[in-house]
Number of protein chains: 2
Amino acid sequence: MKPSHFEVTPACTAVHHILTRVGDKWTVLVVNYLGNRSMRFNELKRAINGISQKMLTSTLRGLERDGFVTRTVYPTIPPRVDYELTDLGRDLLVPLRGLGDWAIKNEQRVSEARARFDAAHDAGVRPGFADAAE
Amino acid sequence: MKPSHFEVTPACTAVHHILTRVGDKWTVLVVNYLGNRSMRFNELKRAINGISQKMLTSTLRGLERDGFVTRTVYPTIPPRVDYELTDLGRDLLVPLRGLGDWAIKNEQRVSEARARFDAAHDAGVRPGFADAAE
DNA sequence: CGGTATCCCCTCAGATACTG
DNA sequence: CAGTATCTGAGGGGATACCG
């Protein structure tokens, strides 16, 4: 009856891995934008607003490396490069949206909890009066 | 109208937020362990193997602040502190497991893609044999 | 046992400049 | 247009020492 001891290690290694992969500053944004349609480099850059050239490049390289996006170069002048989600990338979008839905639904609860915690610690660095009834 | 222009910003802001929150080095591991049962501080520390006192503390504080875990102090000697997932924390586990399942299922595909990419770039820093035309 | 405080390293990420 | 190269600052994260 101890499902409490079920294998946590392989699962959370995998979770941690994908989360590390996808949990950086820009990856999710890029994947979400590409979830709509394929986009060019500067198009993405303009869309994301705040990302630097360097970070967009390395984010896209990482996603390409892991098989989440394809990079298509048109050797025209000026050059044109299209980025598009692969099947794997679109597949990833599913659990990602799942987490996104959760995040949207529970945003409020989290910020409330946070406010409560902060209040208790701003006023309560010196605790002792909150528990008058204690 | 243009579904290609549908609201990506609020969704991916929320996704990015939760992912940043949960995407650090240890949070997922801690949440997964606590998903099984409540645990004491050093119990977690031993279980996770590699985490420093400092990081375990700050990870747990962060989770407590956001309402994902409760911290229960027993003022005995020696002291005893139990950490346990809240409802919100257990709730979070659902989409997290979803992502975990995805990660486990697709681990292979990702590492294959990565191997392909790396091979193409180790051997192919100088490309040109893929197209025999050269 | 369960922390906090301090130091320090190392990577991430931004700004800037240059290239094909 | 689509990058690469280099420098720099901020902060995540580890080791160590100390406290209640």
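Rules behind the numbers
Residues numbered from 1 in each chain as written. Chains lettered and ligands numbered in written order. Predicted model: local features only at pLDDT ≥ 70, side-chain atom pairs only at ≥ 80, totals over all residues. Heavy atoms only, no water. Pairing = 2+ DSSP bridges. Helix = DSSP H or I, 4+ residues; strand = E, 2+ residues; numbered from the N terminus. Buried < 20%, exposed > 50% of the residue type's maximum accessible area, 1.4 Å probe, protein only. Near = heavy atom within 4 Å. Polar contact = N/O pair within 3.5 Å; in protein donor to acceptor, adjacent residues only side chain to side chain. Nonpolar A, V, L, I, M, F, W, Y, C, P; charged D, E, K, R; others polar. Least-squares fit on C-alpha atoms with pLDDT ≥ 70 in both. Contact = heavy atoms within 4.5 Å. Buried area = accessible area lost by both parts, 1.4 Å probe. Salt bridge = Lys/Arg side-chain N within 4 Å of Asp/Glu carboxyl O. Phe/Tyr/Trp six-rings, centres within 6.5 Å; stacked < 30°, edge-to-face > 60°. Axes fitted to C-alpha atoms, helices over the stretch in contact; angles between N-to-C directions. Parallel < 35°, antiparallel > 145°, perpendicular 65-115°, else oblique. Arc of directions from axis to C-beta.

Chain A is annotated in an unreviewed UniProt entry as Transcriptional regulator of Phyllobacterium endophyticum.

1. Re the pairing of strand E3 (residues 80-85) of chain B
Residues and elements named next belong to chain B. Relative to E3, strand E1 (residues 39-40) runs antiparallel, the two being bridged by two bridges. Note that in E3 the partner of Met-39 across the bridge is Tyr-83. Where strand E2 (residues 69-74) folds back on E3, the antiparallel hairpin that results is connected by five residues.

2. Some details on unusual backbone geometry
Residue and element names in this part refer to chain A. A cis amide bond links Ile-77 with the next residue in sequence, Pro-78, at an omega value of 0°. One non-glycine residue with positive phi stands out, namely Asn-49, at about 60°. You can call Asn-49 exposed: its relative accessible area is 65%.

3. Considering the protein's contact with DNA strand D
What surrounds DNA strand D is a group of 20 residues, the closest being Arg-71 and Tyr-83 of chain A together with Lys-25, Lys-54 and Met-55 of chain B. Measuring from a phosphate oxygen of DNA strand D, one finds a side-chain N or O atom of Arg-40 of chain A at 3.1 Å. If you list the elements that add at least two residues to the surface near DNA strand D, you get helix H3 (41-48), helix H4 (53-65) and strand E3 (80-85) of chain A together with helix H4 (53-65) of chain B. Counting residues per element, the surface near DNA strand D draws most heavily on H4 of chain A, which supplies four residues. Across the surface near DNA strand D, the residue classes break down as eight nonpolar, five polar and seven charged.

4. Structural notes on the relation of the copies chain A and chain B
Between the two copies, chain A and chain B, the superposition gives an RMSD of 0.1 Å; the rotation angle is 180° and the shift along the axis is 0.0 Å. Here the copies are linked by what is in effect a two-fold axis. Across chain A, the smallest distance between a C-alpha and the rotation axis is recorded for Gly-23 of chain A, namely 2.4 Å. Both copies contact each other with a shared surface, as 98% of the interface residues of chain A are interface residues in chain B too.

5. Describing the interface of chain A and chain B
Across the contact, 51 residues belong to chain A and 50 residues belong to chain B. Here chain A and chain B share an interface that buries about 4600 Å² over both sides, 70% of which is from carbon and sulfur atoms. Among the residues chain A hides against chain B, the three largest losses belong to Arg-65, Leu-99 and Trp-102 of chain A. Together they make up 15% of the total. At the boundary of chain A and chain B, one finds six salt bridges. Elements that contribute at least two residues to the side of chain A that touches chain B include exactly helix H1 (9-22), helix H2 (27-36), H4 and helix H5 (87-122) of chain A. If you tally residues by element for the side of chain A that touches chain B, the top one is H5 of chain A, at 21 residues. Across the side of chain A that touches chain B, the residue classes break down as 24 nonpolar, twelve polar and 15 charged.

6. Thoughts on the packing of aromatic side chains
Across all of its chains, the model carries two aromatic pairs over all chains by this definition. Taken together, a centroid distance of 6.1 Å and an interplanar angle of 35° make the contact between Phe-68 of chain A and Trp-102 of chain B tilted. Highlighted residues: Phe-68 of chain A in the loop between H4 and strand E2 (69-74) and Trp-102 of chain B in helix H5 (residues 87-122), drawn from two different chains. As far as burial versus exposure is concerned, Phe-68 of chain A and Trp-102 of chain B are alike and both buried.

7. As for the packing of helix H2 (residues 27-36) of chain B against H4 of chain B
Residue and element names in this part refer to chain B. Running from amino to carboxyl end, H2 crosses H4 at an angle of 70°, the nearest separation of the two axes being 10 Å. When the interaxial angle is binned, H2 and H4 end up roughly perpendicular. The segment H2 lies against H4, with Thr-27, Val-30, Val-31 and Leu-34 engaging Leu-56, Thr-59, Leu-60 and Leu-63.

8. Remarks on H3 of chain A
All names here are of chain A. Those residues of H3 that fall on the buried side of the exposure criterion are Phe-41, Leu-44 and Ile-48. Summarising the axial view, the buried residues of H3 lie within an arc of 70°, below the 170-degree limit, and thus occupy one face. A positive backbone phi angle near 60° is found at Asn-49, which sits one or two residues after H3.

9. As for the protein's contact with DNA strand C
Taken together, 20 residues form the shell around DNA strand C, and within it Lys-25 and Lys-54 of chain A together with Thr-57, Arg-71 and Tyr-83 of chain B come nearest. The sugar-phosphate backbone supplies 60% of the atoms of DNA strand C found within 4 Å of the protein. In this structure, a phosphate oxygen belonging to DNA strand C sits 3.3 Å away from a side-chain N or O atom of Trp-26 of chain A. Pro-79 of chain B is positioned such that a nitrogen or oxygen atom in its backbone is 3.4 Å from a sugar or linking oxygen of DNA strand C. At the level of elements, H4 of chain A together with helix H3 (41-48), H4 and E3 of chain B are the ones that each hand at least two residues to the surface near DNA strand C. Examining the composition of the surface near DNA strand C, we find that four residues originate from one element, H4 of chain B, more than from any other. The class makeup of the residues in the surface near DNA strand C is eight nonpolar, five polar and seven charged.

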